[in-house]
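What follows is each chain in one-letter form.
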Amino acid sequence: MNVGGDIQVIRGQSDMIWSLTSHPHSVRQALAQITTYLRARGVPEAHRLNVELVLAEVLNNICEHAYRGADDGRILTSVSCSHDMIQCHITDKGSAMPGLTPPKGRFRDPDTCAFDDLPEGGFGWGLIRAIAADVQYERRNVENHLFLQIASASAPCARAVSGIV
Amino acid sequence: MDVRLDIEPIRNGLIVKVCASRVDAAAALAFRDAFRQATAGTDGQRVILDMEDVTFLDSSGLGTLVAMRKSLGQDRQLELTTLSPLVDKVMRLTAMDKVFAIHPNRDAAIDTQAQ
């Protein structure tokens, strides 16, 4: 069992790329670093939390479903900022999404649900679709590629601070 | 990953304070175990979960809260207090705010009559 310390950060041309393993502790650590990066780029807190939540759902799904709980799968997470959007590109080599389509992620209405049937999971894709402005998925050979756009509102990404992360 | 819960007895139940900033996939199992221990033998009493320190909740954490709510049984509520903006948003987007009794803060929770 890895302890989740295996994270590398690569500075791309216009983005930062986190390479992490499919372990909840690696996910948590990567999210903390991405949040630090977005703070340094001037992204307001509410929007940083949106990115953190969407990426948490995506990365946890990859750990649980694409890699089926194996904690040594590799995940690449690229994050870049334009003036009003944060672009994320997440890649893994796990199983393809069923039907090669991301789930619709509909929420069940608890009012029409028996007490014992209240859902204890399955909220992830509903949250991703509620928050992300755009979601695209492609299966390329053995790789899953997920492209997300999340509003950064008035984030002054153009005035980026250097020396981040 | 440990999740510490501080227990404070009140007249007709207990306040369980979550001493963690994140209730996420990494914390979910430990959180559920700690809650089960904290609420063992509290049948009929109010259980108020003070979420003041929790700034981040993901779907795993939310699923854990729903499981905890179900563990108390249908005859009483799991009451939540002091939700951060993100926790409140996750609750509302998923409609799970209907599953819990939610109070704005600890005093309001204590002042509320047992439900």
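Anyway, here's the lowdown on the structure attached to this text. (Residues numbered from 1 in each chain as written. Chains lettered and ligands numbered in written order. Predicted model: local features only at pLDDT ≥ 70, side-chain atom pairs only at ≥ 80, totals over all residues. Heavy atoms only, no water.)

A separate point is the overall build of chain A. From N to C terminus, chain A includes 3 helices and 6 strands. Listing each helix as α and each strand as β along chain A from the N terminus yields β-β-α-α-β-β-α-β-β. Burial status across chain A gives 48% buried among its 165 residues. Within chain A, residue pairs in contact and separated by at least 24 positions form 62% of the contacts whose partners lie at least 6 positions apart. Surface accessibility of chain A: about 8,100 Å² in total, with carbon and sulfur atoms responsible for 51%. (Helix = DSSP H or I, 4+ residues; strand = E, 2+ residues; numbered from the N terminus. Buried < 20%, exposed > 50% of the residue type's maximum accessible area, 1.4 Å probe, protein only. Contact = heavy atoms within 4.5 Å. Areas by Shrake-Rupley, 256 points an atom, 1.4 Å probe, with all protein chains shown as cover.)

Time to look at the packing of helix α2 (residues 45-66) of chain A against helix α3 (residues 124-131) of chain A. All names here are of chain A. Put simply, α2 and α3 touch, their axes get as near as 9 Å, and they point 145° apart. As for how α2 packs across α3, the hand of that crossing is left-handed. Touching Asn 50, Leu 53, Val 54, Glu 57, Val 58 and Asn 61 of α2 are Gly 124, Trp 125, Leu 127, Ile 128 and Ile 131, all from α3. Each residue belonging to the contact of α2 with α3 can be placed in one class, and the counts come to 7 nonpolar, 3 polar and 1 charged. (Axes fitted to C-alpha atoms, helices over the stretch in contact; angles between N-to-C directions. Left-handed = near helix turned anticlockwise from the far one by under 90°. Nonpolar A, V, L, I, M, F, W, Y, C, P; charged D, E, K, R; others polar.)

Taken as a whole and assessed by the stated rule, the structure comprises 18 salt bridges over all chains. Of the charged contacts, one joins Asp24(B) and Arg28(A) as a salt bridge, the two residues approaching to 2.8 Å between their closest N and O atoms. In this pair, Asp24(B) sits in the loop between β3 (22-23) and α1 (28-39) while Arg28(A) sits in helix α1 (residues 24-40), so the two residues belong to two different chains. By relative accessible area, Asp24(B) is classed as buried at 4%. Taken together, the shared-partner salt bridges in this structure form one network comprising Arg28(A), Glu52(A), Arg22(B) and Asp24(B). (Salt bridge = Lys/Arg side-chain N within 4 Å of Asp/Glu carboxyl O.)

Moving on, we come to unusual backbone geometry. In the Ramachandran plot, Leu100(A) falls in the positive-phi region, its phi being about 55° despite a non-glycine side chain. With respect to the helices, strands and loops of the structure, Leu100(A) is situated in the loop between β4 (85-92) and α3. A relative accessible area of 52% means that Leu100(A) is categorised as exposed. A positive phi is found at Ala95(B), a non-glycine position, where the angle reads about 65°. Note that Ala95(B) resides in the loop between α3 (85-93) and β7 (101-103).

All right, on to the interface of chain B and chain A then. Contacts between chain B and chain A engage 30 residues on the former and 29 residues on the latter. For the chain B and chain A pair, buried surface summed over both sides reaches about 2,400 Å², with 65% attributable to carbon and sulfur atoms. At the junction of chain B and chain A, the tally comes to 6 salt bridges. With a closest N to O distance of 3.1 Å, Lys98(B) and Asp109(A) form a salt bridge. (Buried area = accessible area lost by both parts, 1.4 Å probe.)

Taken as a whole, the largest pocket spans an internal volume of roughly 520 Å³. Surrounding the largest pocket, 25 residues form its lining, Glu64(A), Glu120(A), Ala25(B), Ser59(B) and Ser60(B) being those nearest its centre. Of all the elements in the fold, those that place two or more residues in the lining of the largest pocket are α2 and α3 of chain A together with α1 and α2 (59-71) of chain B. Tallying contributions element by element places α2(A) first for the lining of the largest pocket, with 5 residues. (1 Å grid on protein atoms, 1.4 Å probe; cavity = no way out; pocket = protein on both sides within 12 Å on 5 of 7 lines; lining within 4 Å. Points joined across faces, edges and corners; volume = space filled by probe spheres on them.)

It is worth spelling out the nonpolar core at this point. Formed by 77 residues in total, the largest nonpolar core has its most connected members in Leu148(A), Val18(B) and Leu49(B). Top contributing element to this core by residue count: α2(A), with 11 residues. Dropping the residues within four chain positions of it, Val18(B) is found in contact with Val3(B), Arg4(B), Leu5(B), Val23(B), Phe31(B), Leu49(B), Asp50(B), Met51(B), Asp53(B) and Val54(B). (Core = buried A, V, L, I, M, F, W, Y, C linked by side-chain atoms within 4.5 Å.)

To continue, consider the pairing of strand β1 (residues 4-10) of chain B. Residue and element names in this part refer to chain B. In terms of strand pairing, β1 meets strand β2 (residues 13-19) through 7 bridges, oriented antiparallel. Each residue of the ladder has a partner; that of Glu 8, found in β2, is Ile 15. Between β1 and β2, which follow one another and run antiparallel, lie 2 residues. (Pairing = 2+ DSSP bridges.)

All right, on to empty space enclosed by the protein then. Throughout the structure, instances matching the rule amount to 1 cavity of 30 Å³ or more. Taken as a whole, the largest cavity holds about 40 Å³ of empty space. What lines the largest cavity is simply Pro24(A), Val27(A), Arg28(A), Leu31(A), Ala56(A), Asn60(A), Arg22(B), Asp24(B), Ala25(B), Ala26(B), Phe56(B) and Asp58(B). For the lining of the largest cavity, the secondary structure elements donating two or more residues are α1 and α2 of chain A.

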